[in-house]
Structures are given as structure tokens and as C-alpha cells.
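# Analysis of the macromolecular model
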Amino acid sequence: LATLNEFRKQVTKLEEKYLPSMGFRNIFSQKGFEADDIIASLCHDLKGEEIAIVSADKDLYQLLTPSTLHWDPRQKKGTSAGSFENEYGIPVKQWVMVKAIAGCSSDEIPGVQGVGEKTAIQYITGDLNPNAKKFKDIVAQESEWRKFLDLVKLPFPGVNKFKIRKNKTSPKKWRKLCKKLGMTSLMGFDITGSRPTKKNPKG
């Protein structure tokens, strides 16, 4: 518990002090809401613009549009609205129902016991045998899993609107923070994490 509290303190410092001091201006949070709600709010407000969501969270698939892509850095896999429909065989808008039926442990959505995403999709597309036990379980518990549709859908009601602003980062601000925190070995890197190349003195 002590380690977790210390971690939270460091994250708060990063959000409220260190990142702003480097010139990062788009640092968003809202008490009582998760990151995916904030991402969804931004995507809805930027509708029509080209957006790339970088996350391993598949809940965010529901935000896919012709101009919004999802990149999973763990699997190094990109998903568009088109490739999603080709892979799963359902429209993006039905992903919410899949999550409600199959459940989501990270969001404490129980779903129907023994039913995963694949079976949920088969139920939605009409490919699940009506005589199968899992089909009957889904039907019998419909009133229960439908209660979670609003919880799974992004963004959750009440999330704020956030405005994207241009960052004002600079190598000077990065070096100043590194010096302040005693991270002098990192001063030769820029704020993107890549070491600047030295110019050839001979031209």
C-alpha cells in the first residue's frame, strides 16, 4: 500500500508539475473518470479529424471511425474501422454489446459466465446455435447484461470537454528539469527520448 501511495504521489507530480514545466499543455484528468472516458470525449469533439488512439485497451475499439485509428503498442497492431469489421464481422457500434455480454474484468463488468468475445459475437450475428447452452444463458440473462451497456459505452455521462492546445516544449526546458531532478545523464536527450545527433565539424 505504501508503494502504491508513493507511486500516486509521483504521478501527481508528473501531471501537475514536471510535464507542465517542460511545456506540455494537454494533460487531462477528471476525478471519478477513467482515461478511456477522457479519450472518448476528445475523439467525439475532434470528430472528422485524423486521430490515432495508442492503447492496449480494446474497449476503445468503439471509438473507431473512418478517420480514427487504434494502435496497440504491445501487439504492434493497428486497427481501423474497416479492419475491425473484417476481423470481428460486426459494425463498430455493436462492440459495446460484445463487452456487456462477454464482460470486462478491468471495468468490473461480470458479463455472462462462460461467454467470451467470440461467443458474444456469434450470438449477435446469429451464428450461435439457439439450442446451445451459452445461447440460452445469454437470453436468460439479457436483462442483467443490458444493465451494463451504459457503463461500457464511452464516454461515461458527465465527463468534461477538453480543448487541445499546442505544446510549448523546448530542449532548454527539458535540460532545466533534468538538472533540477539530478538526471544529468539524460540532458543530452531531447524530450522525445532520442539523442540529438552531433553536427559534423567538417561540414
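For the structure itself, look to the data block above.
Residues numbered from 1 in each chain as written. Predicted model: local features only at pLDDT ≥ 70, side-chain atom pairs only at ≥ 80, totals over all residues. Heavy atoms only, no water.

### Brief notes about the overall build of the protein chain
- Each helix and strand in the protein chain was counted, giving nine helices and three strands.
- When the helices and strands of the protein chain are listed from N to C terminus, the series reads α-α-β-β-β-α-α-α-α-α-α-α.
- Against the globule reference of 17 Å for 203 residues, the protein chain gives a C-alpha radius of gyration of 22 Å, more extended than a compact globule.
- The dimensions of the protein chain, computed from C-alpha atoms along their principal axes, are 75 × 45 × 30 Å.
- In the protein chain, once contacts between residues fewer than 6 apart in sequence are set aside, the share between residues at least 24 apart is 47%. (Helix = DSSP H or I, 4+ residues; strand = E, 2+ residues; numbered from the N terminus. Rg over C-alpha atoms; globule rule 2.2 N^0.38 Å. Contact = heavy atoms within 4.5 Å.)

### Looking at the nonpolar core
- Core analysis: the largest hydrophobic core is formed by 27 residues, its most contacted members being F84, I90, W95, I101, Y123 and I138.
- Contributions of two or more residues to this core are made by helix 3 (81-88), helix 4 (95-102), helix 5 (117-125), helix 6 (133-140) and helix 8 (149-152).
- With six residues, helix 4 is the single largest residue contributor to this core.
- Residue contacts for Y123: discarding those within four places in its chain leaves I101, L128, F135, I138, V139, E142 and W145. (Core = buried A, V, L, I, M, F, W, Y, C linked by side-chain atoms within 4.5 Å. Buried < 20%, exposed > 50% of the residue type's maximum accessible area, 1.4 Å probe, protein only.)

### Comments concerning the pattern of salt bridges
- Counting across every chain of the model gives eight salt bridges.
- Between E117 and K99 there is a salt bridge, and its shortest N-O distance comes to 3.4 Å. On the criterion of sequence distance, the pair formed by E117 in helix 5 and K99 in helix 4 is long-range, its members being 18 residues apart.
- The salt bridge involving E142 is made with R146; its shortest N-O contact spans 2.7 Å.
- Linked through salt bridges whose partners overlap, the residues forming this network are K58, D59, K99 and E117. (Salt bridge = Lys/Arg side-chain N within 4 Å of Asp/Glu carboxyl O.)

### Examining the sheet that holds strand 1 (residues 51-54)
- Sheet architecture is open: three strands sit in the order 1-2-3, paired in mixed fashion. The strands lining the two open edges of the sheet, one partner per strand, are strand 1 and strand 3 (77-79). For this sheet, the mean angle separating the axes of adjacent strands, direction not counted, is 25°. (Pairing = 2+ DSSP bridges. Axes fitted to C-alpha atoms, helices over the stretch in contact; angles between N-to-C directions.)

### What about a positive patch on the surface?
- Taken together, the side chains of K9, K13, K17, K172, R175, K176 and K180 make up a positively charged region of the molecular surface.
- The element contributing the most residues to the positive patch is helix 9 (residues 171-180), with four residues.
- Note that K176 resides in helix 9.
- A residue is classified by how much of its surface remains accessible, and K176, at 65% relative accessible area, is exposed. (Patch = residues over 30% accessible without salt bridge, like charges linked within 9 Å, V, L, I, M, F, W, Y side chains within 5 Å. Areas by Shrake-Rupley, 256 points an atom, 1.4 Å probe, with all protein chains shown as cover. Lys, Arg positive; Asp, Glu negative; His and termini not counted. Charge placed at Lys NZ, Arg CZ, Asp CG, Glu CD.)

### Here's the deal with the packing of helix 1 (residues 2-22) against helix 9
- Where helix 1 contacts helix 9, the axes come no closer than 7 Å and their chain directions differ by 140°. By the angle between their directions, the pair helix 1 and helix 9 is classed as oblique. Facing helix 1, whose interface residues are K17, Y18, S21 and M22, helix 9 presents K173, W174, L177 and K180.
- Classifying every residue of the contact of helix 1 with helix 9 by side-chain character gives four nonpolar, one polar and three charged. (Parallel < 35°, antiparallel > 145°, perpendicular 65-115°, else oblique. Nonpolar A, V, L, I, M, F, W, Y, C, P; charged D, E, K, R; others polar.)

### Observations regarding a nonpolar patch on the surface
- A grouping of L4, F7 and V11 is seen on the molecular surface, where their side chains present a nonpolar patch of about 270 Å² in accessible area.
- Among the structural elements, L4 can be located in helix 1.
- Accessibility expressed as a relative area gives 40% for L4, which makes it partly exposed.

### Notes on the environment of E85
- Looking at where E85 falls in the secondary structure, it is placed in helix 3.
- With residues near it in sequence (within four places) discarded, E85 still touches I90, P91 and V92.

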